[in-house]
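If you want the building blocks of each chain, they are given just below.
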Amino acid sequence: MKHIVAALVLCATPLVAQDFSEGSEANEWGLFGEAPARFEAEVTDLLCAVTGDCPEDCGGGARQLGLIRTADDILIYPMKNGEPVFAGAAVELQPYCGQTVEVDGLLINDEEIGAHNVYMVQRILPEGSSEWVVANRWGKVWAENHPEAAGGPWFRNDPRINSRLAETGYLGLGLDVDEAFVAEWY
């Protein structure tokens, strides 16, 4: 319940920028509002933190994960890992569900683009460990889960994407609209 209150307070009041850059070794990416940020947090299921719907093991990989920052009990939304693709960070954080970890990455807060407490996790330090884990598991896990889709970029071979494209076309408006577009423009 306290996380719901914290989320509501966060939405209702102006953000006070805190500096979590001390000790960060995060690589800058040139994103609007980015700042290196290293902090301790509990890995949680986002829906659990906001609504109290808390399945075992943070949903077993079927739900988005979040970070409840220890310093101020703020819910942080980790959207990206350390890989070049914007594939999300849930795969990186799943092994640490319910645990306190230290993370290092980029925190984005930018009023102009509407980003608040969006996090790009690049490294994870599990509690009790002295070894940082690089947040680059997503591509490996995807390849393990889709061995039939080897070769080339993942997004060209993902069965879910290809199934959707076969149904709606690249423009999402149907195959006939795609065909007309290609004929007119190419």
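Preceding this paragraph is the structure being described.
Quick look at the structure, then.

### Thoughts on the overall build of the protein
On a plain count of helices and strands, the protein comes out with seven helices and six strands. Beginning at the N terminus, the succession of helices and strands in the protein can be written as α-β-α-β-β-α-β-β-β-α-α-α-α. Taking the principal axes of its C-alpha atoms as reference, the protein extends roughly 55 × 35 × 35 Å. Burial status across the protein gives 36% buried among its 186 residues. Counted over contacts in the protein with a minimum sequence separation of 6, partners at least 24 positions apart contribute 57%. Here the protein has roughly 11,200 Å² of accessible surface; of this, 56% comes from carbon and sulfur atoms. Positive and negative side-chain charges of the protein, numbering 11 and 30 respectively, have mean locations separated by a distance of 3 Å.

### Looking at the state of the cysteines
Applying the stated criterion to the full structure yields two disulfides. The residue that forms a disulfide with Cys48 is Cys54, at a sulfur-sulfur distance of 2.0 Å. Residues Cys48 and Cys54 are joined by a disulfide whose S-S torsion is about 80°; by sign, that bridge is right-handed. The disulfide partner of Cys58 is Cys97, and the S-S distance across this bridge is 2.1 Å. Between Cys58 and Cys97 the disulfide shows an S-S torsion of about 85°. By sign, it is right-handed. Here Cys58, found in the loop between helix 2 (46-51) and strand 2 (65-69), pairs with Cys97, found in the loop between helix 3 (90-93) and strand 4 (100-110); they are 39 residues apart in sequence, far enough to count as distant. Sequence-ordered numbering of the disulfide-bonded cysteines in the protein gives the connectivity 1-2, 3-4.

### What about the pairing of strand 1 (residues 34-45)?
Side-chain positions along a regular strand alternate between the two faces of the sheet. Relative to strand 4, strand 1 is paired through nine bridges, and the arrangement is antiparallel. By the bridge assignment for strand 4, Ala37 is matched with Gly105. Direction of pairing for strand 1 relative to strand 2: antiparallel, over a ladder of five bridges. Within the sheet, the bridge partner assigned to Glu42 lies in strand 2 and is Ile68.

### Describing the side chain of Arg63
With respect to the helices, strands and loops of the structure, Arg63 is situated in the loop between helix 2 and strand 2. Of the polar contacts made by the side chain of Arg63, one reaches the side chain of Asp45; its length is 3.1 Å. Among the polar contacts made by the side chain of Arg63, one reaches the main-chain carbonyl oxygen of Asp53 at a distance of 3.3 Å. Discounting residues that sit within four places of it in the chain, Arg63 has contacts with Asp45, Leu47, Cys48, Asp53, Pro55, Cys58 and Ala90.

What counts, and at which threshold
Residues numbered from 1 in each chain as written. Predicted model: local features only at pLDDT ≥ 70, side-chain atom pairs only at ≥ 80, totals over all residues. Heavy atoms only, no water. Helix = DSSP H or I, 4+ residues; strand = E, 2+ residues; numbered from the N terminus. Buried < 20%, exposed > 50% of the residue type's maximum accessible area, 1.4 Å probe, protein only. Contact = heavy atoms within 4.5 Å. Areas by Shrake-Rupley, 256 points an atom, 1.4 Å probe, with all protein chains shown as cover. Lys, Arg positive; Asp, Glu negative; His and termini not counted. Charge placed at Lys NZ, Arg CZ, Asp CG, Glu CD. Disulfide = S-S within 2.5 Å. Pairing = 2+ DSSP bridges. Polar contact = N/O pair within 3.5 Å; in protein donor to acceptor, adjacent residues only side chain to side chain.

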